[in-house]
Amino acid sequence: MLRLSPLFLLAAVFAALPTGAATANSRIEFNRDIRPILSENCFPCHGADSAARKAGLRLDRFEEAIAPRKDSPPAIVPGKPEASELVRRITAADPDDIMPPAKTHKVLRAEQKELLKSWIAASARFEPHWSLIPPKRPELPKVQNQRWPRNPVDYFVLAPMRRGEQAVHHLLVGVRRAIAYEGLDLLR
Ligand code: HEC
């Protein structure tokens, strides 16, 4: 006899989800991906400490990082890494230009440079330091089947299922067929 528990159905639905649904989280986040790089390599000379600041350049504030400069293009031109002096400096071949300066003995890794470039290409959005962001309940995801969820957890479970709609549809068709074949009344 064919026995399908709701838990099995859920597991099957997740297994059938297109993998794209899981990568929605790979967006660059300032606090997680960018701040640590700038903090370690740039803020010592381009951060909040005005006494240590070099070239009068702050890279810890959006408004100042995008501000016009006297002798060079703005450090950051949102959406345009190729026009951003920051990108030119972190990729410079000339040891006089490279940032962080050679004397710091710090060197950005290739993937850190790529992250900075992609972040600028994608708008260079800054976030306040995480300790200043009040904790917030995420909103409940929108789900189509309003009758199904019984508690908040159900909403979070159901939302990604919708993104795999096609897969879910195929699965349900299969389950219906199995039910018709076995004469089970599982979906009640
Ligand atoms: C040890 C101090 C120090 C560190 C660390 C440092 N810089 Fe600099 N930066 C300088 C100095 C000094 C200048 C001015 C001389 C020059 O233009 O090379 C400068 C100039 C710049 C300029 C050009 C500003 C202008 O308008 O001419 C940019 C852009 C820049 N830095 C970006 C960065 C970035 C991005 C990092 C981190 C990856 C970084 N810097 C790390 C000292 C530092």
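See above for the structure.
Keep in mind that this is a model prediction, so the values were computed, not measured.

> So what exactly am I meant to see when it comes to the overall build of the chain here?
In terms of regular secondary structure, the chain is built from 8 helices and 0 strands. Written out in order from the N terminus, the α and β elements of the chain read α-α-α-α-α-α-α-α. Looking at the chain residue by residue over its 188 residues, the buried ones come to 12%. In the chain, the proportion of contacts linking residues at least 24 apart, taken out of those at least 6 apart, comes to 44%.

> Would you explain the site of the ligand in this entry?
The ligand sits among 22 residues. The nearest are Cys42, Cys45, Lys54, Ala55 and Met99. Those elements that place two or more of their residues in the shell around the ligand are helix 3 (43–46) and helix 5 (85–90). For the shell around the ligand, the per-class residue count stands at 13 nonpolar, 4 polar and 5 charged.

> Just checking my understanding: could you explain unusual backbone geometry for this structure?
Among all residues save glycine, negative phi is the norm, and among peptide bonds the norm is trans. For the peptide bond that leads from Met99 to Pro100, omega is -5°, which places it in the cis range. With respect to the helices and strands, the residue Pro100 is situated in the loop between helix 5 and helix 6 (110–121). Positive phi, normally seen in glycine, also occurs at Ala55, with a value near 60°. Assignment of secondary structure puts Ala55 in the loop between helix 3 and helix 4 (62–65).

> Would you mind showing me how to read the nonpolar core here?
A general feature of soluble globular proteins is that nonpolar side chains tend to end up buried together. Within the largest apolar cluster, 14 residues are counted, with the highest numbers of intra-cluster contacts made by Ile76, Leu116 and Ile120. If you list the elements that add at least two residues to this core, you get helix 5 and helix 6. Discounting residues that sit within four places of it in the chain, Ile76 has contacts with Ala65, Ile66, Ser84, Leu86, Ile120 and Ala124.

Each value, and the rule that gives it
Residues numbered from 1 in each chain as written. Predicted model: local features only at pLDDT ≥ 70, side-chain atom pairs only at ≥ 80, totals over all residues. Helix = DSSP H or I, 4+ residues; strand = E, 2+ residues; numbered from the N terminus. Buried ≥ 20, exposed ≤ 12 C-beta atoms within 10 Å, placed from the backbone. Contact = placed C-beta atoms within 7 Å. Near = placed C-beta within 6 Å. Nonpolar A, V, L, I, M, F, W, Y, C, P; charged D, E, K, R; others polar. Core = buried A, V, L, I, M, F, W, Y, C linked by C-beta atoms within 7 Å.

Everything listed here is a matter of geometry and, on its own, says nothing about what the molecule does.
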